Amino acid sequence: MARQVTLNRRLINTAVAWSLGLLIFFPILWTILTSFKTEAEAISLQPSLFGFDWTLENYQEVNARSNYPRFFANSVIIAVGSTLLGLCIAVPAAWAMAFVPSNRTRGILMWMLSTKMLPPVGVLIPIYLIFREFGLLDSRIGLVFVLMMVNLPIIIWMLFTYFREIPGEILEAARMDGANMKSEILYVLTPMAVPGIASTMLLCVILAWNEAFWTLVLTTTQAAPLTQFIASFSSPEGLFYAKLSAASTMAIAPVLILGWFSQKQLVRGLTFGAVK
Amino acid sequence: MKYFKKAALAAATGAILAAGAAQAETVTIATVNNGDMVRMQKLTDDFTSKNPGIELEWVTLEENALRQQVTTDIATKGGQFDVMTIGTYEVPIWAQQGWLVPLDDLGADYDIDDILPAIRGGLSVDGSLYAAPFYGESSMVMYRTDLMEAAGMEMPEAPTWDFIADAARAMTDKDNDIYGICLRGKAGWGENMAFLTATANSFGARWFDEEWNAQFDSPQWAETLNFYVDLMNEAGPPGASNNGFNENLTLFRNGQCGMWIDATVAASFVTNEESTVADSVGFALAPDNGLGKRGNWLWAWSLAIPAGTQQEEAAKKFVAWATSKDYLELVAENEGWANVPPGTRTSLYENPEYQKVPFAQMTLDSINSADPTNPTVDPVPYVGVQFVAIPEFQGMATAVGQQFSAALAGQTTVESALANAQALTQRTMDRAGYPK
């Protein structure tokens, strides 16, 4: 009897989880399906899920009209660059706050997070003027810097939560054995924190990849990433849904694949320290 | 031989230097994604072959994203763009700010007087042209000739609103999902407010009186909005408060609309081979109420050069090329006359080849019947047919559009939507210091 109940519950849980998962994934699935339709079918009032004439013409058109590799390369450079730069700053910061906390640590952490509460457009003009003065408009280095700043509070918070899980006694033991700060971070802390750092990195790359405010406003041609690529296929008047879907699919495919292969780390990273 | 080598070396160095200098002249163009602009990008080889040494870089963006990026850039003098695509709304505002280069000297053979007077008026400030029109559009009635016939009515070339209302009710057959009229309902200054502001002009309403006081408490606005909401409730499709251009286009192409009043550019979409109703579409001027103004708007996507660009000469060459008579012929040669960007030049409409395009004459008549410098029955202090060319308009009109969309959806009454519109518009104007 007990077994029956457990089995039933498992079945229900599985069904609920699958339906929720499908519900959340449906818009992406719909985008992918639409990218294989003709423009007329894309706006049809009786849309069909699979029973339409599959076509690759949208992908051909999108490829003919834009230089996808350039947008892709920019996205990779900006997302990876901002993540690595962010880690260089966040690891020492999180280490200090996790292992050498002071009275103000909480306050500093909250203050960092509070920068995320400001709508980005509020600082658009100052940032734009700074970029203009330093000649950073439409440059990858400028975007790397801005996206690093945007994601920094999240990286520090995540790393802080990880580092706090590492027992201080282990570090003490290392110090007893004569480790200095450098070897303490390098040989004791880092290996233990690698899973945490890895999932933080992944999340940060995804966030930077999808960022669509600064990347649209601060770039024109040379540094334009995939968000610009998508935006160029949207139109106020006319038929564009299928081509827009094709462009979106091409833009999200790399990060979707990355997310698929690393979902274990991602889930671990997002739920780590959540239940205490 | 030695001298020869030296000379060759010098020549080669010179050539490389010249190439380097030529490469430096890159013109960056910000543009929107629509059929005519995409076609222009494909044809730029013609420009670069005629102008060696000028390279073109394109930034194509969605309209609102483009507006945000271009506004930021020009307000901060960021200098990211050398040519920008802007509409009739921005040109008067930006020109008065001194943000745009005047375009009175686009070359001897440019023939500036050939530009349609209504369009030229909308793009000029104090007699100077500040943006060259790339394509112009107005709005008109597109209707199903078969449904009109079945209803036993005949569409005049210049219908009145009363006729449109009668015809819409007669054509409606809700059991078969056929609705007499499809109009914009989605909130936004460029969505429902473009249509309703233009419609209000023909009902004798206006946004502001000559002292910049809001006029939503006038009987003319009440008449406009009551007419629109009643008509849409009786003869419009369900959920019309979410419908914009693309949604109505879909409905019309699927045969579910008897009439659709929208941009003239839609004509080619409803008559092309993918439309199920292509064979039975007729066109008529936007309706009026006998007050001397029709309910059609005027818009022109235009090319402007921001003040402070480093590439002013090259940018002017490009603008002159893209908006010239020769360019129209170039498109006709490559893509056919039906795909020539419409609504900018008188000579295009005098061309016998172009006159064969089914919607050409109606587009011209619609554009000519709109006057952005004198848009309303009663005098107003502003320029613009379906908008008011002041910076505050975007935000204000979107908020008013939300009120009107709610009235259409039945979430609020026409009276309270108008009262709210009056209050929020007057508040914005008072704060900005307009009323005299």
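Residues numbered from 1 in each chain as written. Chains lettered and ligands numbered in written order. Predicted model: local features only at pLDDT ≥ 70, side-chain atom pairs only at ≥ 80, totals over all residues.

Chemist: Help me understand the overall build of chain A, please; the structure alone is not making it clear to me.
Modeler: Helix and strand counts for chain A stand at 13 helices and 0 strands. Reading chain A from its N end, one meets helices and strands in the order α-α-α-α-α-α-α-α-α-α-α-α-α. In terms of overall dimensions, chain A has C-alpha extents of about 75 × 70 × 30 Å along its principal axes. Sequence-distant contacts in chain A: of pairs separated by 6 or more residues, those separated by 24 or more amount to 80%. (Helix = DSSP H or I, 4+ residues; strand = E, 2+ residues; numbered from the N terminus. Contact = placed C-beta atoms within 7 Å.)

Chemist: Got a minute to help me understand the overall build of chain B in this structure?
Modeler: Regarding its fold elements, chain B presents 19 helices and 10 strands. The C-alpha radius of gyration of chain B comes to 24 Å, within 12% of the 22 Å expected for a compact globule of 436 residues. Overall size of chain B, expressed as C-alpha extent along the three principal axes, is 90 × 55 × 35 Å. The 436 residues of chain B split such that 50% are buried. (Rg over C-alpha atoms; globule rule 2.2 N^0.38 Å. Buried ≥ 20, exposed ≤ 12 C-beta atoms within 10 Å, placed from the backbone.)

Chemist: Help me out: how do you make sense of the environment of A:Phe72 in this one?
Modeler: Residue and element names in this part refer to chain A. With respect to the helices and strands, the residue Phe-72 is situated in helix H4 (residues 68–99). We classify Phe-72 as partly exposed; it has 17 C-beta atoms within 10 Å. On a C-alpha basis, the gap between Phe-72 and Ile-170 in space is 43 Å, while along the polypeptide they are 98 residues apart.

Chemist: Sorry, what's going on with helix H8 (residues 161–171) of chain B here?
Modeler: Residues and elements named next belong to chain B. If you check which residues of H8 are buried, you get Trp-161, Ile-164, Ala-167, Ala-168 and Met-171. Seen from one end, H8 has its buried residues packed into an arc of 125°, which puts them on one side. Among the structural elements, helix H7 (145–150), strand E7 (179–182), helix H10 (219–235) and strand E8 (257–263) are those in contact with the buried residues of H8. (Arc of directions from axis to C-beta.)

Chemist: When you look at the nonpolar core in this model, what are you seeing that I'm missing?
Modeler: Here is a general trend for soluble globular proteins: nonpolar side chains tend to be buried in one another's company. Core analysis: the biggest nonpolar cluster contains 192 residues, and A:Ala94, A:Leu159, B:Val83, B:Ala131, B:Met142 and B:Met259 have the highest contact counts within it. When we break this core down by domain, the ones giving at least three residues each are domain 1 (24–137 + 298–355) and domain 2 (140–297 + 383–432) of chain B. When neighbours within four sequence positions are excluded, A:Ala94 is seen to be in contact with A:Ile156, A:Leu159, A:Phe160 and A:Phe163. (Core = buried A, V, L, I, M, F, W, Y, C linked by C-beta atoms within 7 Å. Domains from an automatic or database assignment.)

Chemist: Any chance you could explain the interface of chain A and chain B here in plain terms?
Modeler: Accessible area lost when the parts come together is the quantity often used to give the size of an interface. Facing 25 residues of chain A, the contacting portion of chain B comprises 26 residues. Those elements that provide at least two residues to the side of chain A that touches chain B are helix H6 (124–133) and helix H10 (214–217) of chain A. Ranked by residues supplied to the side of chain A that touches chain B, first place goes to H6(A) with 5 residues.

Chemist: How should helix H7 (residues 140–165) of chain A be read in this particular structure?
Modeler: In an α-helix, one full turn covers 3.6 residues, which means residues spaced three or four apart are oriented alike. An ideal rise of 1.5 Å per residue puts 38 Å on 26 residues; H7(A) measures up with 36 Å between its terminal C-alpha atoms. The principal kink in H7(A), of about 45°, is found at A:Asn151, preceding the proline A:Pro153 by one to four residues. (Expected span 1.5 Å × (residues − 1). Bend = angle between axes of the 7 residues up to and from the residue.)

Chemist: Would you mind going over the packing of helix H5 (residues 105–114) of chain A against H7(A) with me for this structure?
Modeler: A pair of packed helices is characterised by two quantities: the angle between their axes and the separation of those axes. All names here are of chain A. In contact at an axis separation of 9 Å, H5 and H7 are set at 145° when each is read in the N-to-C sense. As H5 packs across H7, the resulting crossing turns out to be left-handed. Contact residues: Leu-109, Met-112 and Leu-113 in H5; Pro-153, Ile-156, Trp-157 and Phe-160 in H7. Partitioning the contact of H5 with H7 into residue classes produces 7 nonpolar, no polar and no charged. (Axes fitted to C-alpha atoms, helices over the stretch in contact; angles between N-to-C directions. Left-handed = near helix turned anticlockwise from the far one by under 90°. Nonpolar A, V, L, I, M, F, W, Y, C, P; charged D, E, K, R; others polar.)

Chemist: Please explain the confidence of the model for chain A as it appears in this structure.
Modeler: Parts of the prediction with low pLDDT should not have their coordinates interpreted in detail. Mean pLDDT over chain A stands at 87; residues scoring 70 or higher make up 95%. The least confident element of chain A, judged by mean pLDDT, is helix H13 (residues 263–271) of chain A at 73; the most confident is H4(A) at 93. (pLDDT = per-residue confidence, 0-100.)

Chemist: Honestly, the pairing of E8(B) in this entry has me stumped. Any pointers?
Modeler: Residues and elements named next belong to chain B. Among the 7 residues that make up E8, 7 are buried, leaving the element largely enclosed by the rest of the structure. Relative to E8, strand E6 (residues 132–144) is paired through 5 bridges, and the arrangement is antiparallel. Its bridge partner being in E8, Tyr-143 is matched across the sheet by Met-259. Two strands pair when backbone bridges link them, and E7 and E8 are joined in this way by 3 bridges, in the parallel orientation. Looking at E8, one finds that Ile-181 is bridged to Met-259. (Pairing = 2+ DSSP bridges.)

Chemist: What am I meant to see in the confidence of the model for chain B here?
Modeler: Residues and elements named next belong to chain B. The predicted model of chain B averages 89 in pLDDT, with 94% of residues at 70 or higher. Predicted confidence for residues 13–22 stays below pLDDT 50, and this span has 2 contacts to residues more than four positions away or in other chains. Scoring the predicted complex yields pTM 0.81 and, for the interface, ipTM 0.75.

Chemist: Just to check I follow, could you spell out the domain arrangement of chain B for this structure?
Modeler: All names here are of chain B. With domains assigned, chain B is organised as domain 1 (24–137 + 298–355) and domain 2 (140–297 + 383–432). Every contact between the two is made by 7 residues of domain 1 and, on the other side, 12 residues of domain 2. Contributions of two or more residues to the side of domain 1 that touches domain 2 are made by helix H5 (90–96) and strand E10 (298–304). Taken together, the residues of the side of domain 1 that touches domain 2 sort by class into 6 nonpolar, no polar and 1 charged.

Chemist: Help me understand unusual backbone geometry, please; the structure alone is not making it clear to me.
Modeler: One non-glycine residue with positive phi stands out, namely B:Asp111, at about 55°. Inspection of the secondary structure assignment puts B:Asp111 in the loop between H5 and helix H6 (117–122).

Chemist: Got a minute to help me understand the packing of helix H9 (residues 192–202) of chain B against helix H18 (residues 393–409) of chain B in this structure?
Modeler: All names here are of chain B. Here H9 crosses H18 at 85°, and the two axes come no closer than 9 Å. With respect to their mutual orientation, H9 and H18 come out roughly perpendicular. For the pair formed by H9 and H18, the contact residues are Asn-192, Met-193 and Leu-196 on the first element and Ala-397, Val-400, Gly-401, Phe-404 and Ser-405 on the second. Considering only residue class, the contact of H9 with H18 consists of 5 nonpolar, 3 polar and no charged. (Parallel < 35°, antiparallel > 145°, perpendicular 65-115°, else oblique.)

Chemist: Can you help me understand the environment of A:Phe52 in this one?
Modeler: Residues and elements named next belong to chain A. Relative to the assigned elements, Phe-52 resides in the loop between helix H2 (39–42) and helix H3 (57–65). Taking the C-alpha atoms as reference, Phe-52 lies 18 Å from Pro-27; in sequence the two are 25 residues apart. The contacts of Phe-52, once residues within four sequence positions are left out, are Lys-37 and Glu-41.

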